[in-house]
Amino acid sequence: MTAPVDVEAGARRVTTAKAISEAIAQEMRANPEVFVMGEDVGPYGGIFGSTGGLFEEFGATRVIDTPISETGFIGAGIGAAVEGMRPVVELMFVDFLGVCFDQIYNHMAKIHYESGGNVKVPMVLMMAVGGGYSDAAQHSQCLWATFAHMPGMKVVAPSNPYDAKGLMASAIKDDNPVIFMFHKGVMGLPWMAKNPRSIGAVPEEEYTVPIGKAAIPHPGTDVTVVSVSMSVQHCLDVAEKLEGTTSVEVIDLRSIVPLDREAILASVAKTGRLVIVDEDYRSFGLSGEIVATIADKDPSMLKVPVQRVAYPDIPVPYARVLEYEALPTRDKIEAAIAAAMKG
Amino acid sequence: MVDNDMRVDFYKEMVRIRTYEAALQRDYHADKAPAWDIGAGLIPGEMHLSAGQEPVAVGLCANLEQGDAITGPHRPHHLALAKGVDMKAMTAEIFGRDTGLSHGKGGHMHLFDPSQHFSCSGIIAQGMPVAVGQALAFSRRGTANVAVAVAGEGAANQGGFHEALNLASMWKLPVIFIIEDNDWAISVNRETATPIKDGSLRASAYGMPSARIEGNDVDAIYDACRTAVERARAGGGPTLLEIHTVRLWGHFEGDAQAYRGDELAAATENDPIPLYEKRLLAAGLLTEDSIGSIKAQAEEEVEAAIAYAKASPEPKPSDAYLHVFA
Ligand SMILES: Cc1ncc(C[n+]2csc(CCOP(=O)(O)OP(=O)(O)O)c2C)c(N)n1
Ligand SMILES: [Mg+2]
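Residues numbered from 1 in each chain as written. Chains lettered and ligands numbered in written order. Predicted model: local features only at pLDDT ≥ 70, side-chain atom pairs only at ≥ 80, totals over all residues. Heavy atoms only, no water.

1. Some thoughts on the site of ligand 1
Argument step 1. Near ligand 1, the surroundings consist of 22 residues, among which Glu70 of chain A together with His74, Arg75, Gly122 and Trp184 of chain B are the closest.
Argument step 2. In this structure ligand 1 sits where residues from chains A and B come together.
Argument step 3. Note that an oxygen atom of ligand 1 is positioned 2.9 Å from one of the side-chain N or O atoms of glutamate 153 of chain B.
Argument step 4. With respect to ligand 1, the side chain of asparagine 182 of chain B contributes an N or O atom lying 2.8 Å from an oxygen atom.
Argument step 5. Judged by its atoms lying within 2 Å of the grid points, ligand 1 is housed in the largest cavity.
Argument step 6. Considering only residue class, the shell around ligand 1 consists of ten nonpolar, eight polar and four charged. (Near = heavy atom within 4 Å. Polar contact = N/O pair within 3.5 Å; in protein donor to acceptor, adjacent residues only side chain to side chain. 1 Å grid on protein atoms, 1.4 Å probe; cavity = no way out; pocket = protein on both sides within 12 Å on 5 of 7 lines; lining within 4 Å. Sits in = over half its atoms within 2 Å of the grid points. Nonpolar A, V, L, I, M, F, W, Y, C, P; charged D, E, K, R; others polar.)

2. What to know about the interface of chain B and chain A
Argument step 1. Between chain B and chain A, the contact holds 45 residues from the first and 37 residues from the second.
Argument step 2. Counting the surface lost from both chain B and chain A, the interface buries some 3200 Å², and carbon and sulfur atoms represent 61% of this.
Argument step 3. Between the two partners, chain B and chain A, sit zero salt bridges.
Argument step 4. On inspection of chain B and its partner chain A, the count reaches 18 residue pairs in polar contact (both at pLDDT 80 or more). (Contact = heavy atoms within 4.5 Å. Buried area = accessible area lost by both parts, 1.4 Å probe. Salt bridge = Lys/Arg side-chain N within 4 Å of Asp/Glu carboxyl O.)

3. Some points on the environment of aspartate 31 of chain B
Residue and element names in this part refer to chain B.
Argument step 1. Looking at the element boundaries, aspartate 31 is found in the loop between helix 1 (4-30) and helix 2 (54-61).
Argument step 2. For aspartate 31, a relative accessible area of 30% corresponds to the partly exposed category.
Argument step 3. Between the C-alpha atom of aspartate 31 and that of leucine 42, which follows or precedes it by eleven residues, the distance is 7.2 Å.
Argument step 4. From its side chain, aspartate 31 meets the backbone nitrogen of leucine 42 in a polar contact 2.9 Å long. (Helix = DSSP H or I, 4+ residues; strand = E, 2+ residues; numbered from the N terminus. Buried < 20%, exposed > 50% of the residue type's maximum accessible area, 1.4 Å probe, protein only.)

4. Looking at the environment of leucine 264 of chain B
Argument step 1. Examined against the element boundaries, leucine 264 of chain B turns out to sit in helix 9 (residues 263-269).
Argument step 2. Apart from residues no more than four positions distant in its own chain, leucine 264 of chain B is found in contact with Leu248 and Gln257 of chain B.

5. Structural notes on the confidence of the model for chain B
Argument step 1. Summing up the model confidence of chain B, the mean pLDDT is 98 and the portion of residues at 70 or higher is 100%.
Argument step 2. Across the assembled chains, the prediction reports ipTM 0.97 with pTM 0.97. (pLDDT = per-residue confidence, 0-100.)

Take a look at the structure:
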């Protein structure tokens, strides 16, 4: 069931972290085949709060703290999923995929196809992504395009608590492997500076948000700004700031796979101007794929060249001045919108 | 064998490291209030301090020369300082300054000092195969240098650890694998993650000598490391040492450690530095006066390094694009 977006003022407001753990708890109550495993997901509640309260409610047999053996426990998640369970496995930071990627892309992602559709892998692999707090090169990447590049995995990245809860419920119910990426900046963590958008109205009851459908949280007519995850919050801040001068349409992709190409094409057909904001690396990634989507369909729908605000092709530096030189900030988004509006 | 002069030196070095980390801890938290923000302040980002584990670094490094290599983990300061990494350049790196070891690109989990053959990595156990490669280079060149891979007990459940041990043993390389067993991997206790009590037993699967060292005692650690280093230098191949130590502070700064319960108080009582100090006092190797001057000297060095870092310029924003390729 897809609930209507009833997020009136005065409704209960929670962090994205709480919204995610609530979705997992509701699925666990409804389905005994759902279980959680990963590092520090038990009593600690997940380093980023994604499993808060689950250990207390479901105990150590359904909320399992693992050794630091990602190949082992992600592979074990795959095995349990192949036998029909619905594991929610946490890889603490996406950057750690290096030690376990074979299980992910050669097994989790390919088993359904290799088996001619006979074996399903209904598993969620969730992980923290993103930077902005000086965690440097090995703990700050987004990397959604790395997963999206390899067929067989859905890739989800919510920007707010409401979507996070509904997307997590959809991910657990999905018969496919789903990579669920939560940006640390959207989690509403008590120990990290946050945009107020990381805390929002979330219904207590269960609902789903469909995977593969973009949202348009700020409709507009002058310029299309396409983004995903944390950067959507920055785009919305800029769009609100520019109200009265430029009518900005913000598209929150919500998932990279499937990519809602129709939503992008429909908006660009209307505005003729496109800005893409992506915290993942610029080259060979999401921003290029979006440009290709336009070029494949009808490049003449663009009145001006595309503006890409994406992470430059450098590892994430540590020092704040260096990191903020590279990150997609509000200033850069505003400048890109201004550039798109010229000409 | 450890003699009395060495004991005083061990004490000095442990005090130096502790003084350093206490000062970093102070400055790390100083400008994150009132709403604690991990990304704020002069030292932003994650901060893993090694208080309690100084005996490992000091006992180990007293056996090493400048040309020997260490690959360290995410908790690297004790090892870096004991190995001889320049305190000023390291501090400037941690403060994200242009005068830092890596011009502010690396930060506290990614310290690189080629002059000391020192490096570390934030990805668990993944420095271990790199040490094997450094040892391969040393042995190909016919030097007597050794490479040391240091990782936590949590890291010993990572494939990289097992692959590195197998390679080093197969190729009989001069590697010393050091596991710092502080009982915890963030909030996960050793007992929930590792089915055997003595992790050094794992070496037998790779035909490698090994030992587990209890007591967090710098003298015993020195002796065990000495045996391993001498074996490696003489062409006798690798050794695995699991050293039982203690993590006195949080996994990272800001960790409330609720998961530790009573164990934390017990750990605090096992702070190796006051224990060692008492022993050396009783043996007449230290006096209240000499302790005072050792601590004052350490503070002077540490505060000078911090002042240097704070006075150093930040990198230019455009420097972000340098160093992607050689
Ligand atoms: C491959 C990988 N998995 C997980 C992590 C997250 N992580 C960082 S430190 C840590 C615990 C490490 O425990 P241990 O090896 O015992 O070292 P200690 O922190 O106790 O010094 C974990 C799980 C990581 N950095 N790399
Ligand atoms: Mg440990």
